[in-house]
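# Architecture and fold: a report
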Amino acid sequence: MEYNAVFWVIVAIIALSFIWGQVRAALNRSRMGDTLPAELVGIYDTDDYARQQQYQRTYGKFSLISGSVSTLAFLLVLFFGVLGNLEGVLQQVTSHYVLLPLLFVVVIVVVATLLSLPFEYYSTFVIEEQFGFNKSTKITFFLDALKNLLLLLVLAGVVVSIVSFLYHLSPQWFWVWAWIALTFFSVGITYFYSQLIVPLFNKQTPLKEEGEEGKLRTALMQLAEKTVFPISDVYVIDGSKRSTKANAYFAGFGKRKRICLYDTLIDDLDTEEIAAVLAHEIGHYKKRHVPINMLLAVVQQGFQLWLMSLFLGSVALAAAMGSTTGASSFILGLIAFSLLYGPISELLSVGGNVLSRRFEYQADAFAASYGYGQALVDGLKTISAKALANMTPHPIVVFWTYSHPPLLQRMQALGISGFTEKPELDVEDVPDTSDGEH
């Protein structure tokens, strides 16, 4: 094992990344307390706020432990040259320029998944269970883990196979062809996400045309027509079989766009609030946020591939990952470059978050322009409160990691505070939530 300069730079990057993450967590903890802040009155009551603080502290401790273990494990892998030894073992199976990297990725993905599984299990069946969020069964959990593993193997396998094949053909210019191929691949995944990937984990059913769902469907389709937002249909996702947390999104391009609502969202919000959430999503579409983000991602990917092409042939990168052959290695060079690229990726992510938060404000303003400002705030309050979200994160943490502005800042931008009055429901009208759904 050669502990060269590249090796120590990589170790420093990993260590500093972990430390910076813990500093951010400490900054958030510094803003926690047992007294309900005045700005949260109307979102949390005293008891719910105490529960929210407990939830954030519990997850903070868990993140510290899991992050420490994973960081230490990876540093041990580097110091003992495990990756270089793994490549040596796999070379006894095959030396093919595509099959070797592919087999390497399979081993790494499987091992990483197995090591992370106990932490995910604890998060789901201890922490999420303790605070009433988890609705997943153990069978569903392990089936999801298997599906995620297979899906990750397929996606990672395709990417690595494409890059390694093109690198073998033309080490100098492979990045151009890989850029084109991966762009088509990522756009295709985005286009068919709701049709191919979501059904692997969730059932999607069209929103019914009768009863309360029928009223909701009519309201959403009318909003889509009013805002000239072409959609094929509105679908309900059975998110309640895993969690009580709510979500919504739209997928696809052109006339193939579909609105996807989690059933928990339908249970938690009224028709106007759900329409407000849809109006917000339409705002992203109208402001061209989706193609802008996609274009930026494509440009960033091209830059990363170009930069990678300058370093992949480096013997020093392979040696830093534990290679003892004295030659360059495609797969070890790829891993080393990915680690060295970490700080650049982090800074680009920060810039992306700044832009994303700006887009969120614009989408909120679009919803408000159609009269949904108050309903959007009410809906976001309900979702955030039920999810025990941190309403008072530290500004540095927001700047560095938040893709969405905190709720209080969104309310201030809209000039809105407080809930609107809602009609009281008779007991018979209240949906049965004994199964844990919102």
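A short tour of the structure in this document, coming up.

Basis of the calculations
- Residues numbered from 1 in each chain as written.
- Predicted model: local features only at pLDDT ≥ 70, side-chain atom pairs only at ≥ 80, totals over all residues.
- Heavy atoms only, no water.
- Helix = DSSP H or I, 4+ residues; strand = E, 2+ residues; numbered from the N terminus.
- Buried < 20%, exposed > 50% of the residue type's maximum accessible area, 1.4 Å probe, protein only.
- Polar contact = N/O pair within 3.5 Å; in protein donor to acceptor, adjacent residues only side chain to side chain.
- Patch = residues over 30% accessible without salt bridge, like charges linked within 9 Å, V, L, I, M, F, W, Y side chains within 5 Å.
- Areas by Shrake-Rupley, 256 points an atom, 1.4 Å probe, with all protein chains shown as cover.
- Salt bridge = Lys/Arg side-chain N within 4 Å of Asp/Glu carboxyl O.
- Pairing = 2+ DSSP bridges.
- Arc of directions from axis to C-beta.
- Core = buried A, V, L, I, M, F, W, Y, C linked by side-chain atoms within 4.5 Å.
- Contact = heavy atoms within 4.5 Å.
- 1 Å grid on protein atoms, 1.4 Å probe; cavity = no way out; pocket = protein on both sides within 12 Å on 5 of 7 lines; lining within 4 Å.
- Points joined across faces, edges and corners; volume = space filled by probe spheres on them.
- Nonpolar A, V, L, I, M, F, W, Y, C, P; charged D, E, K, R; others polar.
- Phe/Tyr/Trp six-rings, centres within 6.5 Å; stacked < 30°, edge-to-face > 60°.
- Lys NZ or Arg CZ within 6 Å of the ring centre and 35° of its normal.
- Axes fitted to C-alpha atoms, helices over the stretch in contact; angles between N-to-C directions.
- Parallel < 35°, antiparallel > 145°, perpendicular 65-115°, else oblique.
- Left-handed = near helix turned anticlockwise from the far one by under 90°.

### Observations concerning the environment of Asp270
- With respect to the helices, strands and loops of the structure, Asp270 is situated in the loop between α9 (263–268) and α10 (271–286).
- Judged by its relative accessible area of 31%, Asp270 falls in the partly exposed class.
- C-alpha of Asp270 to C-alpha of Tyr122: the two residues are 148 residues apart in sequence and 33 Å apart in space.
- A polar atom in the side chain of Asp270 sits 3.2 Å from the backbone nitrogen of Glu272.

### As for a nonpolar patch on the surface
- Residues Phe303, Trp306, Leu310, Phe311, Ile344 and Leu348 make up a contiguous nonpolar surface patch of roughly 520 Å² in combined accessible area.
- Of all the elements in the fold, those that place two or more residues in the nonpolar patch are α11 (289–309) and α14 (342–369).
- Relative to the assigned elements, Ile344 resides in helix α14.
- Ile344 gets classed as partly exposed once you look at its relative accessible area, which sits at 33%.

### Observations concerning the pairing of strand β4 (residues 258–262)
- The buried fraction of β4 amounts to five of the five residues, a majority that puts the element mostly inside the structure.
- Neither face of β4 is exposed, since Arg258, Cys260 and Tyr262 on one face and Ile259 and Leu261 on the opposite face are all buried.
- Sheet analysis places strand β2 (residues 233–237) next to β4, joined by five bridges and oriented parallel. Residue pairing for β4: Val234 is matched across the bridge by Ile259.

### Notes on the pattern of salt bridges
- Under the definition given, this model contains seven salt bridges.
- Between Glu360 and Arg410 there is a salt bridge; the shortest N-O distance is 4.0 Å. Taken together, the residues Glu360 in helix α14 and Arg410 in helix α17 (residues 407–414) connect sequence positions 50 residues apart. Just as Glu360 is buried, Arg410 falls in that class too.
- Salt bridges sharing partners connect three or more residues here, namely Glu360, Asp364 and Arg410.

### Quick look at α17
- Inspection of α17 places Leu407, Leu408, Arg410, Met411 and Leu414 among the buried residues, and these make up the whole buried set. Down the axis of α17, the buried side of the element spans an arc of 160 degrees, and every buried residue falls inside it. Those residues of α17 that are exposed and aimed more than 90 degrees away from the buried face are Gln412 and Ala413.
- Phi for Gly415, located one or two positions after α17, is positive at around 70 degrees.

### Some points on the nonpolar core
- Core analysis: the biggest nonpolar cluster contains 47 residues, and Ile43, Tyr44, Leu220, Ile259 and Leu261 have the highest contact counts within it.
- At seven residues, α10 tops the list of elements feeding residues into this core.
- Ignoring anything within four residues of it in the chain, the contact list for Ile259 reads Phe229, Ile231, Asp233, Val234, Tyr235, Tyr249, Phe250 and Leu278.
- Membership of the second largest hydrophobic core comes to 41 residues, among which are Phe7, Ala318, Phe330 and Phe337.

### Examining empty space enclosed by the protein
- All told, the structure shown has one cavity of 30 Å³ or more when counted by the stated rule.
- Put simply, the largest cavity is a space of about 40 Å³.
- If you go around the largest cavity, the residues you meet are Ala248, Tyr249, Phe250, Ile259, Cys260, Leu261, Leu278 and Glu281.
- For the lining of the largest cavity, the elements supplying multiple residues, two or more each, are β3 (248–251), β4 and α10.
- Of the residues assigned to the lining of the largest cavity, the class counts are seven nonpolar, no polar and one charged.

### Brief notes about the packing of aromatic side chains
- Counted by the stated rule, this structure contains 28 aromatic pairs.
- Three or more aromatic residues link up through ring pairs in this structure, and these residues are Tyr55, Tyr59, Phe62, Phe119, Tyr122, Phe131 and Phe133.
- The positively charged end of Lys138 is found above the aromatic ring belonging to Phe125, 4.9 Å away from the centroid.

### Comments concerning the packing of helix α5 (residues 138–169) against helix α6 (residues 174–191)
- In contact at an axis separation of 9 Å, α5 and α6 are set at 160 degrees when each is read in the N-to-C sense. On the basis of their axis angle, the class for α5 and α6 is roughly antiparallel. By crossing handedness, the relation of α5 to α6 is classed as right-handed. Residues Leu155, Val158, Val159, Ile162, Val163, Leu166 and Tyr167 of α5 form the contact with α6, whose participating residues are Phe174, Trp177, Ala178, Ala181, Leu182, Phe185 and Ile189.
- For the contact of α5 with α6, the residue count by class is 14 nonpolar, no polar and no charged.

### Digging into the layout of surface pockets
- Size it by volume and the second largest pocket reaches roughly 1200 Å³.
- Contributing to the lining of the second largest pocket are 36 residues, with Phe74, Ile108, Val109, Ala112 and Ile335 lying nearest its centre.
- In terms of residue count, helix α4 (residues 99–130) provides more of the lining of the second largest pocket than any other element does, nine residues in total.
- Partitioned by chemical class, the residues of the lining of the second largest pocket number 29 nonpolar, seven polar and no charged.

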